Amino acid sequence: MLQNIPCVYMIFDLKDLDIKILKKFDGEYNYFNPSYFNGKTIYRRESKFEGRLLVSDIIDEQDTVLLQHHTDENFLLSYEDARFINNNEISLCCCKRDKNDIEKIINVEYKKYNLTTKELTHFKTQNAYFEKHWQFYNDKIIYHVNPYIIMDSNENIIYKKQINLQPWIEKYGNTGLSTNVFEIFGKKYLLFHSYITTGELQYKYFIGLLLLNHDYEPIGYYYEPLFESNREYSDNNLLNDLWNWRKTELCEAVKYEVIFPMNVVVDDIYINIYSGLNDCSAVNIKIVKQLFIDKIKNEPFILV
């Protein structure tokens, strides 16, 4: 269903920020949705499978493949949107397709991978057809934003609250998790995402900011988006090349206007938001910490 594009005031316009492109579509592979931890960056690398559809691998900054798509006895498995949990572990989505009918997606499962032991751990929770974007903190997992759910390490729900996201949803679409919790001057935040449908196979994303207490439970969110996505943030030729490349025997090219934050790293000066941009590049969006606080302090805020 097509939705009207809302008239948006966004807290930050990417045109006014320092954006570092880390990797981008090169005609053979497409790189996006990075994650950073302790000097290491990983990426989602998209490629074509037999020219028929798109699959993904997880790679590091030297293009070393950490997890590669493959077929087993029953399935075609593709690995997507990996995030660092700690120095040795990453979380990721595994897209599982029927090997004998690869157009058919069985589901998307959530997994954890140990970079040292090469062990892949499967999580049992499958409440959605697509399980994505879990966030890990020691023995806790932030599982969902609406309702807001925290699980323990055994995937038992230890906190659940239906929060008042309706004002956001009515304007910007249904919400999902995006990033880890990050702290600025003693306050904890995380970023979430939503999108609306603007045309056939065309989607526009918005990024929201949620304030948490010290137990990672929600306090409220800012009514205006931190970011609104726009295809003008990317080179038009690069985008057209990507969309043409993404057309395969089994798939039409989806045209995303998307900023997709994967993880946030705060240093002495900057908030570094490692993100996919319009599905054609992996970027680091840098915001000076004090500027961030100055910009949000007078923004409309909704308690949940």
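So, here's what we can say about the structure. Residue positions within a chain follow its written sequence, with the count starting from 1. For a predicted model such as this one, the threshold for reporting local features is a pLDDT of at least 70, and the threshold for listing and counting side-chain atom pairs is 80 or more; totals across whole chains, interfaces and linings nevertheless cover every residue. In computing side-chain values, all of the structure's heavy atoms are included and hydrogens and water are not.

1. Remarks on the sheet that holds strand β22 (residues 259–266)
- Pairing between two strands requires that DSSP report at least two bridges joining them. Per the convention used, a helix needs a DSSP run of H or I reaching at least four residues, while a strand needs a run of E reaching at least two, with both numbered from the N terminus. Strand order in the open sheet formed by four strands is β1-β24-β23-β22, and the pairing between neighbours is antiparallel. Each edge of the open sheet is held by one strand with a lone partner, namely β1 (18–24) and β22. Pairs of neighbouring strands in the sheet enclose a mean axial angle of 25°, with direction left out of account.
- By definition in these notes, contact holds between two residues if any of their heavy atoms fall within 4.5 Å. Under this scheme, a helix contributes an axis fitted over its contacting stretch, all axes are lines through C-alpha atoms, and angles between N-to-C directions fall in the 0 to 180 degree range. Set on the sheet, helix α3 (residues 289–296) makes contact with β22, β23 (270–277) and β24 (281–288); between it and β24 the angle comes to about 75°.

2. Re the environment of Leu242
- Following the sequence through the fold, Leu242 ends up in helix α2 (residues 236–246).
- Remark: the alpha-carbon pair of Leu242 and Tyr189, spanning 53 residues in sequence, is separated by 33 Å.
- The contacts of Leu242, once residues within four sequence positions are left out, are Phe25, Asn30, Asn278, Asp279 and Cys280.

3. Quick word on a nonpolar patch on the surface
- Each patch is assembled from residues with relative accessible area greater than 30% and no salt bridge, linking like charges that lie within 9 Å and nonpolar side chains (Val, Leu, Ile, Met, Phe, Trp, Tyr) that lie within 5 Å. All accessibility values rest on the Shrake-Rupley procedure with a 1.4 Å probe; residue burial counts only the protein chains present in the view. Basic side-chain nitrogens of Lys or Arg form a salt bridge, by our definition, when they fall within 4 Å of a carboxyl oxygen of Asp or Glu. A surface patch of nonpolar side chains, about 260 Å² in accessible area, is lined by Ile219, Phe301 and Leu303.
- Following the sequence through the fold, Phe301 ends up in strand β25 (residues 301–303).

4. Quick word on α2
- Among all positions of α2, only Leu238, Leu239, Leu242, Trp243, Trp245 and Arg246 are buried. For α2, the angular spread of buried residues about the axis comes to 160°, placing them on one side. In this structure, α2 carries Asn237 and Asn244 as exposed residues pointing more than 90 degrees from its buried face.
- Buried residues in α2 make contact with β1, β2 (30–37), β3 (40–49), β4 (53–60) and β21 (255–257). Think of it in three bands: residues with accessible area under 20% of the maximum for their type are buried, residues over 50% are exposed, and the middle band is partly exposed, with areas taken using a 1.4 Å probe on protein chains only. Taking the helix axis as origin, the arc is that swept by the directions to the C-beta atoms.

5. Here's the deal with the side chain of Lys204
- With respect to the helices and strands, Lys204 occurs in strand β18 (residues 202–212).
- We call two N or O atoms a polar contact when they sit within 3.5 Å, provided that within protein one can donate a hydrogen and the other can accept it, with sequence-adjacent residues counted only if both atoms are side-chain atoms. Engagement of the side chain of Lys204 in a polar contact is seen with the backbone oxygen of Ser229, the distance being 2.6 Å.
- Setting aside anything within four residues of it in sequence, one finds Lys204 in contact with Ile5, Ser194, Tyr195, Ile196, Thr198, Glu228, Ser229, Asn230 and Glu257.

6. Brief notes about the nonpolar core
- Among the buried residues, those of types Ala, Val, Leu, Ile, Met, Phe, Trp, Tyr and Cys that are joined through side-chain atoms within 4.5 Å form a nonpolar core. Counting residues in each nonpolar core, the largest one holds 27 residues, and the members touching the most others are Tyr189, Phe227 and Phe292.
- For this core, the secondary-structure elements that each account for two or more residues are β16 (182–184), β17 (187–199), β18, β22, β23, β24 and α3.
- If we skip the residues at most four places from it in the chain, Tyr189 touches Asn180, Val181, Phe182, Ile184, Leu209, Leu210, Leu211, Tyr222, Phe292, Ile293 and Ile296.
- The next biggest cluster of nonpolar side chains, apart from the first, holds 23 residues, and it includes Ile150, Trp168, Ile196 and Leu210.

7. Concerning the pairing of β18
- The buried fraction of β18 is high, at nine of 11 residues.
- Linking β17 back to β18 in an antiparallel pair, the connection comprises two residues, with Leu201 at a positive phi of about 55°.
- Bridge count between β18 and β21: three bridges; the pairing is parallel. In the sheet register, Tyr203 faces β21, and the bridge partner there is Tyr256.

8. Here we look at the environment of Arg97
- Structurally, Arg97 is set in strand β8 (residues 89–98).
- Accessibility expressed as a relative area gives 12% for Arg97, which makes it buried.
- Sequence separation of Arg97 and Lys15 is 82 residues, and the distance between their C-alpha atoms is 39 Å.
- Sequence-distant contacts of Arg97, that is, excluding residues within four places in its chain, are made with Leu53, Asn74, Phe75, Leu76, Ile102, Glu103, Lys104, Ile105 and Ile106.
- Within the local environment of Arg97, its side chain forms a polar contact with the backbone oxygen of Ile102, the two atoms lying 2.8 Å apart.

9. Considering the packing of aromatic side chains
- Only rings of Phe, Tyr and Trp enter the pairing, Trp through its six-membered ring, and a pair is recorded when the two centres are within 6.5 Å. The plane angle decides the type: under 30 degrees is stacked, over 60 is edge-to-face, the rest tilted. For the structure on display, the rule yields 26 aromatic pairs.
- For the ring pair Tyr110 and Trp134, a centre distance of 4.8 Å and an interplane angle of 15° mean the geometry is stacked. Placement of the pair is Tyr110 in strand β9 (residues 101–114) and Trp134 in the loop between β10 (120–122) and β11 (135–137), with a sequence separation of 24 residues. The pair Tyr110 / Trp134 is uniform in exposure class, with both members buried.
- When the centroid spacing of 6.4 Å and the interplanar angle of 15° are considered together, the rings of Tyr110 and Phe136 count as stacked. One end of the pair, Tyr110, is in strand β9; the other, Phe136, is in strand β11, and 26 residues separate them in sequence.
- You can call Tyr110 buried: its relative accessible area is 0%.
- What makes Phe136 buried here is its relative accessible area of 17%.
- Lysine and arginine charges are scored as sitting over a ring when NZ or CZ, respectively, is within 6 Å of the ring centre and within 35 degrees of the ring normal. It is Lys23 that lies over the ring of Tyr31; its NZ or CZ is 5.1 Å from the centre.
- Arg45 extends its terminal NZ or CZ atom over the ring of Tyr29, reaching a point 4.1 Å from the ring centre.

10. Some remarks on α3
- Along α3, the positions that sit buried rather than exposed are Lys289, Phe292, Ile293 and Ile296. Viewed end-on, α3 has its buried residues packed into an arc of 95°, placing them on one side of the element.

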